Every structure is written in C-alpha cells, then in structure tokens.
Amino acid sequence: MAGNSGLEIFLPQREKSMRARLCDVTQLNINDISECCVGLDHKYIKGTIMSQWPPMHSNTVGKQVEFTIRDESLPDGKYIKVHLVGSIGNEFPLDAVGNAVYILNCSIIENSSNAPFSHKFHLSCNSNVDSPLIWLFRRKETSTETQEGKGPAAKKVMHSGYQSIADLKLTASVNLYGVVKTFKDVRKSNGEDHYSTAVLIDDSGEELTCNFFSSDPTRLPEITSVGDILRIHRLKIKSYEGCKQGLGVQKWGCSYVVFDGKCGQEIIPRTRTGSFQFTNYDKTRVSELREWAVQQDELISTRTCANLLSVSRGTKFDLICQVISRSIDVNNLRAYLVVWDGTKSLVDPTKWSVTAAKCQAGIVCVAPSYGMESHIMNIIYTDSR
C-alpha cells in the first residue's frame, strides 16, 4: 500500500525485492549516526520498531507519532527514537511494534534527555518540510481499540502500542498494563544491579512474572501494594522454564509508571524513570483495570487491621506496630522481630525479647504467667537472594 505522504506499506515477503531498489543508496547503521551526518540524503536506516507511543495531536502540525527502532543485527545496537510529523504521521499505523522499517531522507535532531540507554540523536520525518520516505513491512494485522464479539467471553483488542498479557509472544520489546498480584521488595543481585519482582495480571485473565533490574535501586517501580497498576514500556519477553517472563532493564530503556489501584482515588502517576507521556487513554485504561480488579478476590488485600487478634493465616494486611525486640541472624540473612499492636495486654509487652534460636525453634510469644496469648507477633524478614 502506498500513500501520498511518503509512507509505503508492504507484506514481509516483499522486503528482499524492495531492498534491491536501494542499490544506489547507502545504508547507515543506527550506531553510526553522529553530528557529522548533517543530512541523510541518499542514505537509509533500517531497524525493527521496538516500542510505540499513542499519538499526540497538535492544531498546527496535526498528528505526531513517535516510536523507537533498533538494528537487531548489531549485538550492541542502540535504540533511536523516530518522530513523524505531518501527513506521514497521519497515515502511520498505530500498532507497528515488531515490524521492520526502512527510513529515507530524514533529518537528525539532538536528544535532549541524554538517557543512558538511548541514542544521542533522534530521527525526524516531517512531511510538512521535507520529503521523507518510509517503507514498513507489516508482520501482523492492524488492531483497533474495539471489542470483538459479544458477551463476557469477548476478546478485548488493546490500544495500539500496548498488548494484553494473554497476547504476549517472545519478542524483543513490548508495552503493557498490568495489576500487581504479588510483589517482592528491592534486593541486591549477585552482580552490580538491584532488582525487584512482581507478578502482574490483567483483564485477559493471564499472569506474567516480571523481574526489574537497575544499577540505581531508586529507579525501580515504586510498588507499594497488591492491586497497584503498573504501566511498562520496553519490557522484554523471555522464556524461563517453559513459561513467559518479563525482563525490565533500566539501562535497556525499560520505564515504569505506577498508579494506585483503588477505585475512586485520583489517578496520579508515580514514576522514578524521568519524564513520560500521560494521555487520555492512560486515564481510561487505569479506570478499566481498577473496576476489573475490585471484582477479583485475589487482588483484594485486607487493607487495615484493627489488631493482631483479627489476623488469620494467609491474609495480606497493612500493620502499624511497635518493634519491641529484634535479633539478627547474619548467617541466614534474616531478621527476627517481635512487634506489638498497641492493644491492652495483661503483661508488659516491652519486657519481651527474642533470639534467633527461639524463632528457629518455632517458639511463639506467650504470656507464661497467665497462659494466654498477648497481641504480640513474631515476624521473620528474609533477604532471599
């Protein structure tokens, strides 16, 4: 398919024959783009679209489309962002992640973000000013933001640029939304990075375990509770023990935005990965997942606890308590705490003490003089590296 904008769309099998038409044009590797490239006339850049953002609209230039590409044939290939402005942006499909693209007659602009994962420059294709040419080789059907079929079993087609967990395939990079089912706090890896883990689920009913890595622990997702909603860009999907697993590495460009999952709360994004775009689609998607999650028993935690007496085995709860004794087991990387919830006790809780030996033996804090349990609890905190 060819348009008047400079965008031409082909089936994948046409790529070899179309490349033959470029015999008089020089290919420029993404890694080789520099300030020396004043113009990219008579040069083309080839890459795979790794991520794509929802379009932005301007009264002056119309729809603007942004996506990142990478030359997967280069083991150390960098990502570079591409900006489409004018009619070429109006015609560009909104679900092009994973497709091969050839870009001709574009210009370069400096990347002001200086993010460590990204290229020093961006590519600009402005059909209002220049005559750029883009060849896109489609590898999948165009999706729309619609509902296929009728009834509760209908399959929801995600907004362009995002995928549902059920539709994920082993690929280089995806964008997705998910609700936190379980999570582990930040820990130190065996190398130089820190990492955290979260199990995500969405309204497709499928789950995905994600591991996030960063040299700076403050740059990992700011997850505080089961039910939080996580938006991830540039998440790699790998296979681990026969199951799909997400790998988010900050130096590879993975970024996160976290939202409170409670219905009725203002939608305020939490992020530690710099600037980001927040559109009406994001607000709609967060609201959808909030309404869906509140109906899922596995995503509802006991948010408050009147006292420790009301805690039952297997429940999740938030607790405000006083630590009255602790013991550190250095060899097993554990800390043992005795905490008190502040309720009235027949004994003085501040007199209790704990040792690693007692906790390992399974000794429960019982008020010996009265033969009854006080509202005191053993807590074991483990650094499970």
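Since we're looking at a predicted model, the values are computed, not measured.

Next up on the list: the overall build of the chain. Looking only at helices and strands, the chain features four helices and 21 strands. Considering the chain as a whole, with its 385 residues, one finds that 46% of them fall into the buried category. Of the roughly 20,500 Å² of accessible surface on the chain, 50% is carried by carbon and sulfur atoms.

Okay, unusual backbone geometry next. The phi dihedral of R234 falls on the positive side, at around 60 degrees, and the residue is not glycine. Topologically, R234 is positioned in strand β16 (residues 229–240). Positive phi is not limited to glycine here, since E241 has a value of about 50 degrees.

Bringing helix α3 (residues 280–293) into the picture now. Taking 1.5 Å per residue as the helical rise, α3 with its 14 residues ought to reach 20 Å, and the 20 Å between its terminal C-alpha atoms agrees with that figure. Within α3 the residues assigned to the buried category are Y281, D282, R285, V286, L289, R290, W292 and A293.

Turning to the pairing of β16, a few remarks are in order. With respect to burial, β16 is a largely interior element, nine of its twelve residues being buried. With five bridges connecting them, β16 and strand β18 (residues 255–259) associate as antiparallel partners. From the neighbouring strand, H233 faces β18, where its bridge partner is S255. Pairing of β16 with strand β17 (residues 243–249) involves five bridges; the strand directions are antiparallel. Counterpart to I237 in the pairing with β17 is G246. Linkage of β16 to β17, two consecutive antiparallel strands, is achieved through a turn of two residues, within which E241 is found at a positive phi near 50 degrees.

Tracing the backbone through its elements, the reader meets R270 in the loop between β18 and α3. Once the C-alpha coordinates of R270 and E222 are considered, the two residues, 48 residues apart in sequence, prove to be 6.9 Å apart. If sequence neighbours within four positions are ignored, R270 has contacts with E222, I223, T224, D228, Y256, V257, V258, F259 and D260. Reaching out from R270, the side chain makes a polar contact with the backbone oxygen of E222 at a distance of 3.0 Å.

Attention now moves to the pattern of salt bridges. Any two side chains of opposite charge can pair, on the condition that their charged atoms come close. Tallied over the full model, the rule gives eight salt bridges. For K46, the salt bridge is made with E15, and the minimal N-O distance between the two is 3.7 Å. Within this pair, whereas K46 is found in strand β3 (residues 43–52), its partner E15 is found in helix α1 (residues 15–19), the two being separated by 31 residues in sequence. Judged by its relative accessible area of 28%, K46 falls in the partly exposed class.

Counting residues in hydrophobic clusters, the biggest one holds 25 residues, and the most contacted among them are I69, L84, F92, I103, L123 and I134. Among the elements of the structure, β1 (7–10), β3, β5 (62–70), β6 (80–85), β7 (100–104), β9 (121–126) and β10 (133–137) are those that each provide at least two residues to this core. The next biggest cluster of nonpolar side chains, apart from the first, holds 19 residues, and it includes L168, V180, L200 and Y256.

With that settled, the discussion passes to the environment of F278. By secondary structure assignment, the location of F278 is in the loop between β18 and α3. By relative accessible area, which is 28% here, F278 ends up partly exposed.

Further remarks concern the side chain of N175. The residue N175 is located in strand β13 (residues 171–188) in this model. Of note is the side chain of N175, whose polar atom sits 3.0 Å from the backbone nitrogen of R234. Setting aside residues up to four positions removed in sequence, N175 forms contacts with S51, Q52, G161, Y162, Q163, I232, H233 and R234.

What follows is about the packing of aromatic side chains. Overall, the coordinates contain twelve aromatic pairs when judged by the stated rule. Here the aromatic rings of F10 and W135 are separated by 6.2 Å at their centres, their planes lie at 85 degrees, and the arrangement is edge-to-face. A residue pair is termed long-range when its members are at least 10 positions apart, and F10 in strand β1 and W135 in strand β10 qualify at 125 residues. An aromatic cluster is built from F10, Y44, Y102, W135 and F137, whose rings are joined through pairwise contacts.

Per-residue confidence for the chain averages 76 on the pLDDT scale, and 71% of its residues sit at or above 70. Taken together, the stretch residues 140–157 has pLDDT below 50 and engages in 27 contacts with residues farther than four places along the chain or on a different chain. When the criterion is pLDDT under 50, residues 361–374 qualifies, and its contacts beyond four places in sequence or with other chains add up to 18 contacts.

Once that is clear, we can look at the side chain of S164. Here S164 is to be found in the loop between β12 (155–156) and β13. A relative accessible area of 5% places S164 in the buried class. For S164, the side chain forms a polar contact with the side chain of D167, separated by 3.0 Å.

Moving on: the pairing of β1. On any regular strand, side chains alternate: one points to one face of the sheet, the next to the other face. In β1, alternate side chains face the same way, and those of L7 and I9 on one face and E8 and F10 on the other are all buried. Pairing between β1 and β10: four bridges, direction parallel. For E8, the partnering residue across the bridge sits in β10 and is W135.

Turning next to the state of the cysteines. Within the structure shown, the criterion is met by zero disulfides. Unpaired in terms of disulfides, C106 finds its nearest cysteine sulfur in C125, a separation of 4.9 Å.

Reading guide: rules and limits
Residues numbered from 1 in each chain as written. Predicted model: local features only at pLDDT ≥ 70, side-chain atom pairs only at ≥ 80, totals over all residues. Heavy atoms only, no water. Helix = DSSP H or I, 4+ residues; strand = E, 2+ residues; numbered from the N terminus. Buried < 20%, exposed > 50% of the residue type's maximum accessible area, 1.4 Å probe, protein only. Areas by Shrake-Rupley, 256 points an atom, 1.4 Å probe, with all protein chains shown as cover. Expected span 1.5 Å × (residues − 1). Pairing = 2+ DSSP bridges. Contact = heavy atoms within 4.5 Å. Polar contact = N/O pair within 3.5 Å; in protein donor to acceptor, adjacent residues only side chain to side chain. Salt bridge = Lys/Arg side-chain N within 4 Å of Asp/Glu carboxyl O. Core = buried A, V, L, I, M, F, W, Y, C linked by side-chain atoms within 4.5 Å. Phe/Tyr/Trp six-rings, centres within 6.5 Å; stacked < 30°, edge-to-face > 60°. pLDDT = per-residue confidence, 0-100. Disulfide = S-S within 2.5 Å.

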